[in-house]
Amino acid sequence: MPSTAVRPVRIVVAKVGLDGHDRGVKVVARALRDAGYEVIYTGLRQTPEMVVDAALQEDAQVIGLSIHSGAHMTLFPAVMDELKRRKATDIIVFGGGIIPDDDIAALKKKGVEEIFTPGTPLQEIVEWLRKRFPE
Amino acid sequence: MKVRARDADQVWQEEFEAAPERDDGIETSTISGIPLKPLYTREDLTRRDQEFPGQFPYTRGIHPSGYRGRLWTMRQFSGFATAEETNRRYKYLLANGQTGLSVAFDMPTLMGQDSDAPTSRGEVGHCGVAIDSLADMETLFDGIPLGEITTSMTINSPAAILLCMYIAVAEKQGVPADMLGGTLQNDILKEFIAQKEFIFPPAPSMRLVVDSIEYCAKEVPKWNTISISGYHIREAGSTAAQELAFTLADGMAYVDACLERGMHIDDFASRLSFFFDAHIDFFEEIAKFRAARRIWARWMRERYGAQQERSWKLRFHTQTAGVSLTAQQPELNIARTAIEALAAVLAGTQSLHTNAMDEVLGLPTDKAARLALRTQQLIAYETGVANTIDPLGGSYFIEALTDEMERQAEAYFKRIEEVGGVIPAIESGFFQKEIADAAFRYQQELEQKSRLVVGVNEFINEEEEPIEILRIDPRLESQQSQRVQDVRRKRDQAKCANTLQSLRKAAAGTDNLMPYILEAVRAYATEGEIMQAMIEVFGTYTETAVV
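Residues numbered from 1 in each chain as written. Chains lettered and ligands numbered in written order. Predicted model: local features only at pLDDT ≥ 70, side-chain atom pairs only at ≥ 80, totals over all residues.

Participant: Is there a simple way to explain the overall build of chain B in this structure?
Facilitator: Within chain B, the secondary structure is distributed over 22 helices and 10 strands. Computed over the C-alpha atoms, the radius of gyration of chain B is 24 Å, within 12% of the 24 Å expected from 2.2 N^0.38 for a compact globule of 547 residues. In terms of its C-alpha atoms, chain B occupies a principal-axis envelope of roughly 95 × 60 × 45 Å. Taken across its 547 residues, chain B has 51% of its residues classed as buried. Pairs at least 24 residues apart make up 77% of the contacts formed inside chain B by residues separated by at least 6 positions. (Helix = DSSP H or I, 4+ residues; strand = E, 2+ residues; numbered from the N terminus. Rg over C-alpha atoms; globule rule 2.2 N^0.38 Å. Buried ≥ 20, exposed ≤ 12 C-beta atoms within 10 Å, placed from the backbone. Contact = placed C-beta atoms within 7 Å.)

Participant: Help me out: how do you make sense of the overall build of chain A in this one?
Facilitator: Of regular secondary structure, chain A possesses five helices and five strands. Taking 135 residues into account, the globule formula puts the C-alpha radius of gyration at 14 Å, and chain A, at 14 Å, falls close to it. With the C-alpha coordinates of chain A rotated into their principal frame, the extents come out at 35 × 35 × 25 Å. Buried residues in chain A amount to 47% of all 135 residues. Sequence separation of at least 24 residues holds for 72% of the intrachain contacts in chain A that already meet a minimum separation of 6.

Participant: What is the right way to read the packing of helix 2 (residues 48-57) of chain A against helix 3 (residues 72-85) of chain A from this model?
Facilitator: Residue and element names in this part refer to chain A. Here helix 2 crosses helix 3 at 50 degrees, and the two axes come no closer than 9 Å. On the basis of the axis angle, helix 2 is oblique to helix 3. Here helix 2 and helix 3 pass one another in a crossing that is right-handed. Across the interface between the two elements, Pro48, Glu49, Val51 and Val52 from helix 2 touch Leu75, Ala78, Val79, Glu82 and Leu83 from helix 3. Class assignment for the residues of the contact of helix 2 with helix 3 results in seven nonpolar, no polar and two charged. (Axes fitted to C-alpha atoms, helices over the stretch in contact; angles between N-to-C directions. Parallel < 35°, antiparallel > 145°, perpendicular 65-115°, else oblique. Left-handed = near helix turned anticlockwise from the far one by under 90°. Nonpolar A, V, L, I, M, F, W, Y, C, P; charged D, E, K, R; others polar.)

Participant: Before we go on, may I ask you to explain the sheet that holds strand 2 (residues 38-41) of chain A in this structure?
Facilitator: Across a sheet, paired strands are connected by hydrogen bonds in the backbone, their directions being either parallel or antiparallel. Residues and elements named next belong to chain A. Read across the open sheet, the five strands follow the order 2-1-3-4-5; overall the sheet is parallel. Looking at which strands have only one partner, the edges of the open sheet turn out to be strand 2 and strand 5 (114-116). Across this sheet, the average inter-strand angle for adjacent strands is 20 degrees, counted without regard to direction. Judged from the four bridges that link them, strand 1 (residues 10-15) and strand 2 form a sheet pairing that is parallel. From the neighbouring strand, valine 13 faces strand 2, where its bridge partner is tyrosine 41. Running over the sheet, helix 3 touches strand 3 (62-67) and strand 4 (92-97) and is turned about 165 degrees from strand 3. (Pairing = 2+ DSSP bridges.)

Participant: For this particular structure, what's the right way to read helix 21 (residues 514-522) of chain B?
Facilitator: Since the α-helix packs 3.6 residues into each turn, any two residues three or four apart lie on the same face. All names here are of chain B. Within the sequence span of helix 21, burial applies to Met514, Tyr516, Ile517, Leu518, Ala520 and Val521. Structurally, helix 21 contributes buried residues whose contacts are with helix 5 (134-140), helix 6 (159-173), helix 8 (202-219), helix 20 (493-508) and helix 22 (527-538). Immediately downstream of helix 21, the backbone of tyrosine 524 shows phi near 65 degrees, a positive value.

Participant: Hey, could you run me through the nonpolar core in this one?
Facilitator: As a rule of thumb, soluble globular proteins bury nonpolar side chains together. Counting 152 residues, the largest nonpolar core has Val129(B), Cys164(B), Ala292(B), Leu503(B) and Ile517(B) as its most contacted members. Among the elements that take part in this core, helix 10 (residues 240-261) of chain B stands out by supplying 12 residues, more than any other. Look past the residues within four positions of Val129(B) in its chain and what remains in contact with it is Gly79(B), Phe80(B), Ala81(B), Thr82(B), Ala83(B), Thr86(B), Val103(B), Ala104(B), Phe105(B), Asp106(B) and Leu140(B). Core analysis: the second largest hydrophobic core is formed by 42 residues, Val25(A), Ala55(A), Leu75(A) and Val79(A) among them. (Core = buried A, V, L, I, M, F, W, Y, C linked by C-beta atoms within 7 Å.)

Participant: Would you mind showing me how to read the interface of chain A and chain B here?
Facilitator: Size of an interface, as often reported, equals the accessible area lost when the parts are brought together. The interface is formed by 29 residues belonging to chain A together with 32 residues belonging to chain B. Only helix 1 (23-34), helix 3 and helix 5 (122-132) of chain A provide two or more residues apiece to the side of chain A that touches chain B. For the side of chain A that touches chain B, the element with the highest residue contribution is helix 1 of chain A, accounting for five residues. Looking at the side of chain A that touches chain B residue by residue, the class counts come to 13 nonpolar, 10 polar and six charged.

Participant: Help me understand the pairing of strand 3 of chain A in this model?
Facilitator: The side chains of a regular strand alternate between both faces of the sheet. All names here are of chain A. Across the six residues of strand 3, six count as buried, placing the element largely inside the fold. By the alternation rule, side chains of strand 3 split into Val62, Gly64 and Ser66 and Ile63, Leu65 and Ile67, which are all buried. Two elements, strand 1 and strand 3, share five bridges in a ladder whose sense is parallel. Paired with lysine 15 across the two strands is serine 66, which belongs to strand 3. In terms of handedness, the path from strand 3 via helix 3 over to strand 4 forms a crossover that is right-handed. (Right-handed = clockwise from strand over helix to strand, strands pointing away.)

Participant: What's the story with the sheet that holds strand 10 (residues 351-353) of chain B in this structure? I'm lost.
Facilitator: All names here are of chain B. Taking strand neighbours across the sheet as the criterion, the five strands line up as 1-10-9-8-7 in an open arrangement whose pairing is parallel. Every interior strand has two partners, whereas the edge strands, strand 1 (73-74) and strand 7 (226-229), have only one. Where strand 9 (residues 316-320) lies against strand 10, three bridges are found, and the strand directions are parallel. Across the sheet, the residue bridging to threonine 318 is leucine 352, located in strand 10. Helix 10 rests against strand 7 and strand 8 (272-278) of the sheet, and its axis sits at about 145 degrees to strand 7.

Participant: How should the pairing of strand 5 (residues 181-184) of chain B be read in this particular structure?
Facilitator: Residue and element names in this part refer to chain B. The pairing of strand 4 (residues 150-154) with strand 5 spans four bridges and is classified as parallel. The residue of strand 5 that forms the bridge with threonine 151 is glycine 182. Taking the sense of rotation as the criterion, the β-α-β connection linking strand 4, helix 6 and strand 5 turns out right-handed. Summarising the sheet, strand 5 and strand 6 (residues 223-224) pair through two bridges and their orientation is parallel. Looking at the pairing, glycine 182 lines up with tryptophan 223 of strand 6.

Just geometry here; none of it tells us what the structure is for.
Listed below in structure tokens is the structure:
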């Protein structure tokens, strides 16, 4: 395994919203695991409250959100608000799914650090995490 | 010098081996990983009686006249925002030559909840049209004569409710149920396997499916009660053979469930329909469709003892592969979709949806939706491919690949049987793992560039031109919530509550639930209320997530 960090970075990956399209989230979860991260996949239809609960319980440094239903402009900010409410803004959030460019800018303003859209190489996501959490 | 026929193959073999091979590292197997030979010959053909369209086992098509008799139905899946807006889009598509309707519902509707439910926040009208009660359904089909068109409805867990709404709207138009034609997706097994829009546990879910099949056999005889779907299995990342095998296995599970109910195979088999993906690997897809017909006919006749020919015939709808579309250089999606649609047509699909180029970014704009429909019209009327039935039949390659598909599907049927059948296989995560493995393998091939996707991992444009995206007005959600609240306020409360109480009681017993649901729909009970009444009896299902 390439990562030799003393404490491996823990990532909660979650599907928020009502859609059940879990191909992408599963592929990303496996790739992150293979890259040496500790990955906790919450499963489908997580509310923002459930996602933040899971991240706190798992002592995760990162939350990865996946959505394909078009509700990202409601649900991603709701996760950010919930993090604020629970005083857990040190947890960083990234996301992926069918998210138009204009929305990406708006979501970044709300504190989502990065959005990966369809066609992103897995390596790009891993490299982003490596930069974000240098060993 | 004349080379003798017997030696020509050896000559070719030697010349092929002597010739330099491309060394670009690109896979020569199908997109599903089936190894391919560089050349197929007569030697690759299995000895079998000559096959004809319209004759068992229907490898070459279910109609003796193919598209000479009738072209496929051009059925574009469409729905967004409110019932009013979608009604306008339907009238637009019908005016542009579309020959059947296909309703896309939004996520709350698909998940059986009303637009004003807390978990519907941000989802109303995004992935399709929001339908909360009969009132919305009346608006959706306003001015569209339900006795004259056929309608496909993509809905699963709450399928029985939406079908009852359709029957009730037809009643109001004065169209009796036995005149209604269309298709209900109603395929809960693939929800557990792939798309994950399940609500109830498998057993009551299957009961509702059988209830609707049984009810329609008597009351709505021209309705296709189920569309057994490989599409979502494929989109979730399966291979072509997995799509074929899992879908047909699901079909057999529904047949078994109907037989257990005491129905006779020939009373319902002909109303089972299928729905497949047309992916980008052209020949593999054609082989898949042809194999599907052959396998189903064989199982229906030999294993299930169906007597009537119409019970043996696998009829299918096709949609081009959403998952093959790229957000990068999206205009290329028009070309991809055309190639995929052509495969479906060459394999004799009964109906077809062509994806719009912008569906990878959002719901299609009017222009993109029209281009997608025009692509089908171009294939139908310009290319000449509809003039000959099963034009690729007899191709050494296609026939060999059709046989290979059949062989791989049969191998999966054995494995599914070994784990106890479809529902135990779902509960143990068998399908889910097979699909996730295939999806991951494909993604790795993309990363390693042993497969190329134009514009994504090769031939990349540095600057992407932005394309127009259909936006759903955020005010829609509160308007639709208001609308469902108005419906709840204005109806006859006592009558509505009574129908829901009767439904609860019936759900706890063994009656067919369709008449009870129809009564609740007529009393303007909302979708969410009807689902809730059944959840109180059936409970809900949670999947153990497998990564």
